[in-house]
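Topology and contacts: notes
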Amino acid sequence: MKRNLVSLVLPGAVMLSLVLLQTAPVQGDRLQPKGYRETVEKLQKFYVQFEDKVSREFRRWKEEGTMSQHFRQLIQASAINKHERAQEIRELPTAREGPLCTICRGFGGSVLEFRREGASREEVFNTTVELCTMLNLQEESICRGLIELNIDPLLYIVDNRPDLSSASLCAVVFQSGACVLDDPTFTEWEVDVDPNGTPVTASKTGAAQRGPNDLKIVQITDLHFDPNYRTGYNAECGAPACCRESQGVPDDAAAGAGHWGDYRSCDTPWNAVENLIDRVAEEHSDADFVYHTGDIIDHGIWETSIGYNVRSISRVIGKLRETFPETPVYNILGNHEAHPTNVYELGEISRPDFSTNWLYHLSADLWGHWLPRAAEQTIRLGGYYTALVRPGFRVIALNNNDCYTFNWWILYQPDALKEQLQWLHDVLLQAERAGEKVHILAHLPISSDCFSVWQREYRRILERFRDTISAQFHGHTHKDEFNVFYASENPEYAVGVAWNGGSGTTHTNVNPNYVVYYVNPDTYEVTDFESYAYNLTSANLTPDQRPDWFRMYSFQEEYGLANLSPAGVDELIRRLGTPAGRDDLRRYWEYKVKLGDASLANDCTEDCLLNHLCEIVTNQADDLRKCQELSETFFD
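Procedures and definitions
Residues numbered from 1 in each chain as written. Predicted model: local features only at pLDDT ≥ 70, side-chain atom pairs only at ≥ 80, totals over all residues. Heavy atoms only, no water. Helix = DSSP H or I, 4+ residues; strand = E, 2+ residues; numbered from the N terminus. Rg over C-alpha atoms; globule rule 2.2 N^0.38 Å. Buried < 20%, exposed > 50% of the residue type's maximum accessible area, 1.4 Å probe, protein only. Contact = heavy atoms within 4.5 Å. UniProt positions renumbered as here; feature names shortened; annotations may be inferred. Polar contact = N/O pair within 3.5 Å; in protein donor to acceptor, adjacent residues only side chain to side chain. Salt bridge = Lys/Arg side-chain N within 4 Å of Asp/Glu carboxyl O. pLDDT = per-residue confidence, 0-100. Domains from an automatic or database assignment. Buried area = accessible area lost by both parts, 1.4 Å probe. Axes fitted to C-alpha atoms, helices over the stretch in contact; angles between N-to-C directions. Parallel < 35°, antiparallel > 145°, perpendicular 65-115°, else oblique. Left-handed = near helix turned anticlockwise from the far one by under 90°. Nonpolar A, V, L, I, M, F, W, Y, C, P; charged D, E, K, R; others polar. Pairing = 2+ DSSP bridges. Disulfide = S-S within 2.5 Å. Core = buried A, V, L, I, M, F, W, Y, C linked by side-chain atoms within 4.5 Å.

Let's shift gears to the overall build of the protein. Counting its regular elements, the protein contains 20 helices and 12 strands. Rg of the C-alpha trace for the protein: 23 Å, near the compact-globule value of 26 Å for 636 residues, within the 12% margin. For the protein, the spread of C-alpha atoms along the principal axes amounts to about 75 × 60 × 55 Å. Taken over 636 residues, the protein has a buried fraction of 64%. When contacts within the protein are restricted to residue pairs at least 6 apart in sequence, long-range pairs at least 24 apart make up 75% of them.

What follows is the structure, given as structure tokens:
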């Protein structure tokens, strides 16, 4: 994505407004402090008390037409800091989990109750806009835009799920340990997994190092093209997306957008999109395939429309088709491609205006140039597909945006998430029987913002087919990073690795990049990858010249691994988790932010470095075992 969101949750009916986006890197903390569980138990009682208090004051407000002084004080005490608007929820410190869940439960619960007692759409809209603004979730205009786009599906869900509680709603969206999810509707479903797999008794080993006959695959991701980007316009506007025509030219020239992009909350001008794609074609004309892993649409999430999204998607895919007419390009959808942003239809919904079919049909038409006709059926059904690339090698392209915790439809019919996962399982089973190796493309990293039950079921599938799945490729986070998967029952064993391609956008505080992977032609395992970037500061000093792209690093050269198998990368992780590996870990973080000047200026403390290490090994929201294990050796 970007990544987006710190969306705090406004209300039940409209917790909409907050899907904001990430901005400057934040030192979130994966480790739970001592006494965390006891604190969470106490919080559960406090939430109920706070909900009751807010409910009484809310009712009084609606009955009398004015807010009491006490209610204003409650709102003022609950208001978030402006800098939190721009952070991913998962990047916020653990200490903020309870307060944010409290805001959601208290004010969200009142709006939920308000609707169920007969409030009209207009009444809910006006109420949530006012609360969104007073709670400082966003500026009023953005609150208004986000709520207008999201209110109808949210009201539909509330009206048709009378058993949906504020506790469940907040637990799904926040997915933190402080927001407990104890509703079996959300948790008691699972994929039917073939029982003939072998137990995990060792880490998965892999191919030798990079060889002369390796395949070459380029990953482009998170371009976030903004057709409203204007050089010199306000880059410090305070909105989820700045540098836009409607935001004007700032008095201070230093606050103006750069020609090739901007480190602040700004997306990608067309000239930078073209440059990245052209650079790939010019410098890597021998690439066998291109993986394009989603998020074409910009972060102007409060003012999207179907027509707007169609135009941007068509322009970018058209550029890819023009540039790679003969090189296969495997595309997937990002969370920003939907309208409203993040909202992918799930379950049996009676409102055709909520359908995501417009996006699926568009994708089938635009992607068809590179795909077999058989792939069209599932693209039109749900935006996912599989294709046999060559005998013995298959690509599975998921639309896992359905599992994003800001996809409101999870609240409506959570077990509908099973459908695509079951399809994934069944395709892998067929691939296993045919002796094929598989690459899985998914926009959202499994560890990043996916609903925890979906994460649980994906891990079951990965473990079962670990010998068939040779590699996984993700986007969304805008970071040059990777994730290692460990067996659920035997977490000492590594069973898979997922690589993240970073982003074409500089949103936020990162340089643009793309990644070139080298893949063994027999096992289809990644043997090495090289990440390419340009320095945005330097590029903007010479707007009339093309950016100076450079090879940022080779993973194999940088870390000197025997191979990039799960077992090989696990050895690296264990080294990074010791004082002796601190320099390597710091270098990993520098490459993760793609040597972005703005990020490097913020630095990363040892606690920050430990958090980034934990992010590598955490694949399920409620499973912190590997993080805890690494923390025990980190400061030895």
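That shown, we press on.
This part takes up the UniProt feature "binding site: Zn(2+) 2" (unreviewed entry) in the protein. The UniProt record annotates "binding site: Zn(2+) 2" (unreviewed entry) at Asp295, Asn335, His443 and His476. Sequence-wise these annotated residues cover 182 residues; spatially they are packed, their C-alpha atoms never more than 8.2 Å apart. In this structure the side chain of His443 is engaged in a polar contact, spanning 3.1 Å, whose partner is the side chain of Asn335. By the element assignment, His476 lies in the loop between β7 (469–474) and β8 (482–486).

Opposite charge on two side chains lets them pair, provided their charged atoms get close. Across all of its chains, the model carries 44 salt bridges by this definition. Across the pair Arg464 and Asp194 runs a salt bridge whose closest N-O atoms are separated by 2.7 Å. One end of the pair, Arg464, is in helix α13 (residues 452–464); the other, Asp194, is in the loop between α7 (184–187) and β1 (215–220), and 270 residues separate them in sequence. In terms of burial, Arg464 and Asp194 fall into one category: buried. Taking the shortest distance from any N to any O, the salt bridge between Asp623 and Arg459 comes out at 3.1 Å.

Moving on, we get to the confidence of the model for the protein. Detailed reading of the predicted coordinates is not advisable wherever pLDDT falls low. On average, residues of the protein score 92 in pLDDT, and 94% of them reach the 70 mark or higher. Scored below 50 in pLDDT, residues 1–28 makes 172 contacts in the model with residues more than four places away or belonging to other chains.

Annotation of the protein at the domain level lists domain 1 (12–185) and domain 2 (215–229 + 267–571). One C-alpha centre belongs to domain 1, the other to domain 2, and the line joining them spans 31 Å. With 34 residues of domain 1 in contact, the opposing surface of domain 2 contributes 36 residues. Interface area for domain 1 against domain 2, summed over the two sides, is near 3000 Å², with a carbon-plus-sulfur share of 66%. The interface formed by domain 1 and domain 2 contains 0 salt bridges.

Our next topic: the UniProt feature "binding site: Zn(2+) 1" (unreviewed entry) in the protein. When the UniProt feature table is mapped to this numbering, "binding site: Zn(2+) 1" (unreviewed entry) covers Asp222, His224, Asp295 and His478. What stands out for the annotated residues spanning 257 residues is how close their C-alpha atoms remain, the widest pair being 10.4 Å apart. Note that His224 resides in the loop between β1 and α8 (270–283). Exposure remark for His224: the relative accessible area of 0% places this residue in the buried category. The topology assignment puts His478 in the loop between β7 and β8. Under the relative-accessibility criterion, His478 is labelled buried at 0%. There is a polar contact of 2.4 Å between the side chain of His478 and the backbone oxygen of His507.

So, on to the packing of α8 against helix α9 (residues 306–323). As a packed pair, α8 and α9 sit with axes 10 Å apart at the nearest point and diverge in direction by 25°. Between α8 and α9, the angle is such that the two are roughly parallel. Like other packed secondary-structure pairs, α8 and α9 cross with a definite hand, here right-handed. Here Trp270, Glu274, Ile277, Asp278 and Ala281 of α8 lie close against α9, whose contacting residues are Arg315, Val316, Lys319, Leu320 and Thr323. Looking at the contact of α8 with α9 residue by residue, the class counts come to 5 nonpolar, 1 polar and 4 charged.

Of all 7 residues that make up strand β9 (residues 494–500), 7 are buried, and the element is covered over most of its length. Where β8 lies against β9, 5 bridges are found, and the strand directions are antiparallel. Its bridge partner lying in β9, Phe482 is registered against Trp499.

With that settled, consider the pairing of strand β11 (residues 526–533). Along any regular strand, the residues point their side chains to alternate faces of the sheet. The buried fraction of β11 amounts to 8 of the 8 residues, a majority that puts the element mostly inside the structure. Examined bridge by bridge, strand β10 (residues 513–519) and β11 share 7 bridges and lie antiparallel to one another. Considered in β11, the bridge of Asn513 is made with Ala533. Hairpin connection between β10 and β11: a loop of 6 residues separates the two successive antiparallel strands, and Tyr524 in this loop has a positive phi of roughly 60°. One ladder, built from 4 bridges, connects β11 with strand β12 (residues 550–554); its direction is antiparallel. Bridge pairing in β12 places Glu530 opposite Ser554.

Here we come to the state of the cysteines. The full count for this structure, using the stated rule, is 8 disulfides. Here Cys101 connects covalently by a disulfide to Cys179, the sulfurs 1.8 Å from one another. The S-S bond linking Cys101 to Cys179 shows a torsion near 115°; that makes this disulfide right-handed. With Cys101 in helix α3 (residues 97–116) and Cys179 in the loop between α6 (166–174) and α7, the pair connects residues that are 78 residues apart, well separated along the chain. In this structure, Cys101 and Cys179 share a single accessibility class: buried. Each sulfur of the disulfide joining Cys243 and Cys266 lies 2.0 Å from the other. Here Cys243 and Cys266 share a disulfide; its torsion about the S-S bond, 65°, makes the bridge right-handed.

Before going further, it helps to examine the sheet that holds β7. Here we have 6 strands laid out as an open sheet, ordered β4-β5-β6-β7-β9-β8, and mixed in their pairing. At either end of the open sheet lies a strand with only one pairing partner, and these are β4 (385–390) and β8. Between one strand and the next, the sheet's axes are offset by a mean angle of 20°, whatever the strand orientation. Of the pairings in the sheet, the one linking strand β6 (residues 437–441) to β7 comprises 4 bridges and is parallel in character. Counterpart to His439 in the pairing with β7 is Ala471.

Note that soluble globular proteins tend to have their nonpolar side chains buried in a common cluster. Tyr330, Phe482, Trp499, Tyr517, Phe555, Val569 and Ile573 are the most contacted members of the largest nonpolar core, which totals 98 residues. If we skip the residues at most four places from it in the chain, Tyr330 touches Phe289, Val290, Tyr291, His292, Leu371, Tyr385, Ala387, Val389, Val395 and Leu441. Core analysis: the next-biggest nonpolar cluster, separate from the first, contains 91 residues, Val124, Leu155, Trp189 and Phe465 among them.

Locating Asn619 in the fold gives a position in the loop between α19 (606–617) and α20 (625–634). According to the relative accessible area criterion, Asn619 is buried, its value standing at 2%. Polar side-chain contacts of Asn619 include one of 3.5 Å to the backbone oxygen of Val484. When neighbours within four sequence positions are excluded, Asn619 is seen to be in contact with Ile446, Ser447, Gln455, Arg459, Asn483, Val484, Phe485 and Tyr486.

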